[in-house]
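Breakdown of the fold
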Amino acid sequence: MRGGNRKGAGRKNVPDSQKKHPRNIYLTDDIYQEIMSTEVNDCNNFSQKCVELIQIGLYKLREGMQMSKIDKSKSIYMNDQIVECTTQKNNQLTFIDLFAGIGGIRKGFEDSNTTCVFSSEWDKYAAKTYEANYGEIPYGDITKINSKDIPNHDVLLAGFPCQPFSNIGKREGFSHETQGTLFFDVLRILKEKQPKMFLLENVKGLLTNDNGNTFNVIMEKLSGELGYNTFHKVLDAQNFGLPQRRERVVIVGFRPDLCITDFEFPNGNSNVKVPISSILEKNPKGYTISKHLQNSYLFKKDDGKPQLVDFDSDIQVNTLVASYHKIQRLTGTFVKDGDTGVRLFSELEAKRLMGFPDDFVVPVSRTQMYRQFGNSVAVPMMRAVADTMKETLIKAENKMKPITDLTYV
Ligand SMILES: C[S@@+](CC[C@H](N)C(=O)[O-])C[C@H]1O[C@@H](n2cnc3c(N)ncnc32)[C@H](O)[C@@H]1O
């Protein structure tokens, strides 16, 4: 059946912006002949062929510009791969979660448009918490996993171990026998999988470790060797609605063909601070510090006192550290509350300090609980970064879309 009443028959309503108008161009006979003798998709006449060729040309040009920004002598993009313009077919952004811990970065990144396709965490207690909250058991030691066995993904997330770079660690950096080299596992996976973007997180001390050499090596590997457009910034959890000072360096990278040369980190809001008192619960059971321990250890020496807060405190507290359960007398924060007058933060307060939801499941011991939250990330801070990354990616991909579907008039 042709035309008539058939659904969709007749001339399509074309928006003004897509209507074609006659334009003059000047061509030699040779070029005209070449165009006419060239098969161009389904085009029959000179005008259709010209439009199609111009579109192909423009697309290739943009792609070429993107490719030329990559230093091909060093880059992994030697195979002139076709630029992927869209995310997954069902519009899901796939991601992997490395050094997953209890999934703090995942929590910030995950939304209804993302799918986690792989996670790795070797600590059995962290894996237990991870499973209880995300319904999947992470794979173990990442150093033993061949990157070819990791599913393709759009985004790589990794809070690679910070102990060797930490201000309170021994500053061993890359020289740390096992933990220091884990960055290179991130690197090898990026190299193999070439995700569209990555999000790495670490302690601020990473910037100054070995007089800045450690960080320089990291950035040189990500930008120079892999060709990613890489950005970094130190962000502080207290500017993202948490009552805790927690500075972390966040590194974000975009695959070079995406041509993202600018990335504006969210800064949060330093004018709106959340007081610690707003997250405290009254007299939770089982967190008291005995009078004996207070006198014999916590307040014994005259070399400074631990930070104490109460229900009127409007400050932001010291960084929650993984060894909080050891009652760190100079770096820890304790609450004036409970039967003995001083107690540790409760589980609920630890969740709130880090921006995890109150219903986050903690199926492990008290010691493990503090370790896990202290090792994790400020969730709202990671969410702000993740949202900005997603917006940036969408904008870049929209710019790269080939012009299609122009209707001939
Ligand atoms: C700084 S924590 C990351 C925490 C995580 N971002 C979170 O939100 O909970 C680093 C994690 O890497 C894990 N890890 C260290 N070496 C590993 C390895 N070889 N394979 C897998 N996980 C490892 C540690 O057990 C730890 O949980």
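Note that this is a predicted model, so its numbers are computed, not measured. (Residues numbered from 1 in each chain as written. Predicted model: local features only at pLDDT ≥ 70, side-chain atom pairs only at ≥ 80, totals over all residues.)

**Focus: the UniProt feature "active site" (unreviewed entry) in the protein**
Rule in force here: UniProt positions are given in the numbering used here, feature names are shortened, and annotations may be inferred rather than shown by experiment. A run of DSSP states H or I qualifies as a helix once it reaches four residues; a run of E qualifies as a strand once it reaches two. Both are numbered from the N-terminal end. Counting other C-beta atoms within 10 Å of a residue's C-beta gives its exposure: the residue is buried at 20 or more, exposed at 12 or fewer, and partly exposed in between, where C-beta atoms are placed from the backbone. By definition, residue pairs are in contact when their C-beta atoms, positioned from the backbone, come within 7 Å.
Mapped onto this structure's residue numbering, the UniProt feature "active site" (unreviewed entry) falls at Cys162. Its place among the elements puts Cys162 in the loop between strand 3 (155–158) and helix 5 (183–193). Residue Cys162 is classed as buried on the basis of its 22 C-beta neighbours within 10 Å. Residues within four places of Cys162 in sequence aside, it is in contact with Asn202 and Val203.

**Remarks on the environment of Ser346**
Structurally, Ser346 is set in the loop between strand 8 (333–335) and helix 8 (347–354). Classification of Ser346 as buried rests on a count of 22 C-beta atoms within 10 Å. The sequence separation of Ser346 and Gly286 amounts to 60 residues, and the corresponding C-alpha distance is 8.4 Å. In contact with Ser346, other than residues within four places in its own chain, are Glu281, Pro284 and Tyr287.

**Digging into the pairing of strand 2 (residues 114–119)**
For a regular strand, the rule is simple: side chains alternate between the two faces of the sheet. Applied cut-off: Being paired, for any two strands, means DSSP has found at least two bridges between them.
Sheet analysis places strand 1 (residues 93–98) next to strand 2, joined by 5 bridges and oriented parallel. Among the inter-strand pairings, Leu93 is bridged to a residue of strand 2, identified as Thr114.

**A look at the site of the ligand**
Under the convention used in this document: To decide nearness, the C-beta atom of each residue is placed from the backbone, and the residue is near a molecule or strand if that atom lies within 6 Å of it. By the convention adopted, Pro, Cys, Tyr, Trp, Phe, Met, Ile, Leu, Val and Ala count as nonpolar, Lys, Arg, Asp and Glu as charged, and the other residues, Gly among them, as polar.
Not every one of the 21 residues close to the ligand is listed here, only the nearest: Phe99, Gly101, Gly104, Gly159 and Ser376. Split into classes, the residues belonging to the shell around the ligand amount to 10 nonpolar, 8 polar and 3 charged.

**Quick notes on the nonpolar core**
Nonpolar side chains in soluble globular proteins generally cluster together in the buried interior. Using the following cut-off: What we call a nonpolar core is a set of buried Ala, Val, Leu, Ile, Met, Phe, Trp, Tyr and Cys residues whose membership is set by joining through C-beta atoms within 7 Å.
Formed by 81 residues in total, the largest nonpolar core has its most connected members in Leu157 and Leu199. With 9 residues, helix 10 (residues 379–400) is the largest single contributor of residues to this core.

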